[in-house]
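# Report on the structure
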Amino acid sequence: MFYPVHLLLKIGTMTKTPFYLLFCFLALLGIQRPAEAQISFSIKILPPEPFFERPPPPTNNHVWIEGEWVWKGNHYEHQPGYWTVPEKDHIWIKGEWVRNPDGSSYWQAGYWKPVPHVGVPNWIPEPYYLRPPRPSQRHLWVDGEWIWQNNRYVYQTGYWTTPDPYKIFIKGHWAQWDNGEWYWVRGYWKRIPDNVFVSAPPPEPAFERPPAPSPQHIWIEGEWVWRNNTFTWQPGYWVVRDPHRAWVRGYWHQRDDGNFYWIPGHWDWI
């Protein structure tokens, strides 16, 4: 428990004990209340978030932990994200920038949060529903989510929205614990650096699709990948069909200022 400074001074005076001297000693060592410590790690201008290609998950038991900002040497350094297998009945709460009243910000670190048991024997396919027409090129589709309510998963449908120009939505997904049970990892908005946007989508290179290796293969369309401060075309390829998943191709999204950003393709459970 933390007490106000004036109360500590009063206690030290009333009790005639070395408490006051102890408090002064701790203050000299730089031990502060959480709010004061947060302010000491605050900055006026947020650093650009590094942009790198996320590696594929090793297994369905792995979940992606976004990179974190760590205070080192009077500045913030970025620690890259990674895949990990979480403990049963624990979810990762992503870190975020928190704004102070004076306009500065500090990084609130992510952490593992114990939750009531939310595992189910099998993942639940997304219910089929008609997606409403896209209101404009600047609207982005936010996929639906599975919400744990009354000891079961309830589906919340997706929607169109005009996002923050510096954020994209990372779709939620089903993951497994080591015991084989499935649980839903919620989607979230991710901040991206400004230089990832382009004024116009680059032309798609001509590419001759090779013949399918077998009737069991499906074609995965090419993607634009951000590398070395530019978008690089990654050609499409054939892959063996997974009866439980379908590939949703990426597309160019236009933000309010007219610039574009590539929304990567992803696998959807069906």
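A brief look at the structure comes next. Because the structure is a prediction, the values reported are computed rather than measured. (Residues numbered from 1 in each chain as written. Predicted model: local features only at pLDDT ≥ 70, side-chain atom pairs only at ≥ 80, totals over all residues. Heavy atoms only, no water.)

### Comments concerning the overall build of the protein chain
On a plain count of helices and strands, the protein chain comes out with three helices and 24 strands. The buried share of the protein chain, reckoned over its 270 residues, is 34%. Restricting the contact set of the protein chain to residue pairs at least 6 apart, pairs at least 24 apart contribute 55%. Of the accessible surface of the protein chain, which amounts to about 17200 Å², a share of 58% is contributed by carbon and sulfur atoms. (Helix = DSSP H or I, 4+ residues; strand = E, 2+ residues; numbered from the N terminus. Buried < 20%, exposed > 50% of the residue type's maximum accessible area, 1.4 Å probe, protein only. Contact = heavy atoms within 4.5 Å. Areas by Shrake-Rupley, 256 points an atom, 1.4 Å probe, with all protein chains shown as cover.)

### Brief notes about the pattern of salt bridges
Scanning the model with the defined rule gives three salt bridges in all. The salt bridge partner of Asp 89 is Lys 88, with a shortest N-O separation of 3.1 Å. Overall, Asp 89 belongs to the buried group, its relative accessible area being 16%. A salt bridge links Glu 221 to Arg 209; its shortest N-O distance comes to 3.4 Å. (Salt bridge = Lys/Arg side-chain N within 4 Å of Asp/Glu carboxyl O.)

### Some words on unusual backbone geometry
Despite not being glycine, Asn 74 shows a phi value in the positive range, around 65°. When you line up the elements, Asn 74 lands in the loop between β2 (68-72) and β3 (75-79). Of the residues examined, Asn 74 reaches a relative accessible area of 68% and is grouped as exposed. Positive phi outside glycine occurs at Asp 89, with the angle close to 65°. Examined against the element boundaries, Asp 89 turns out to sit in the loop between β4 (82-84) and β5 (90-93).

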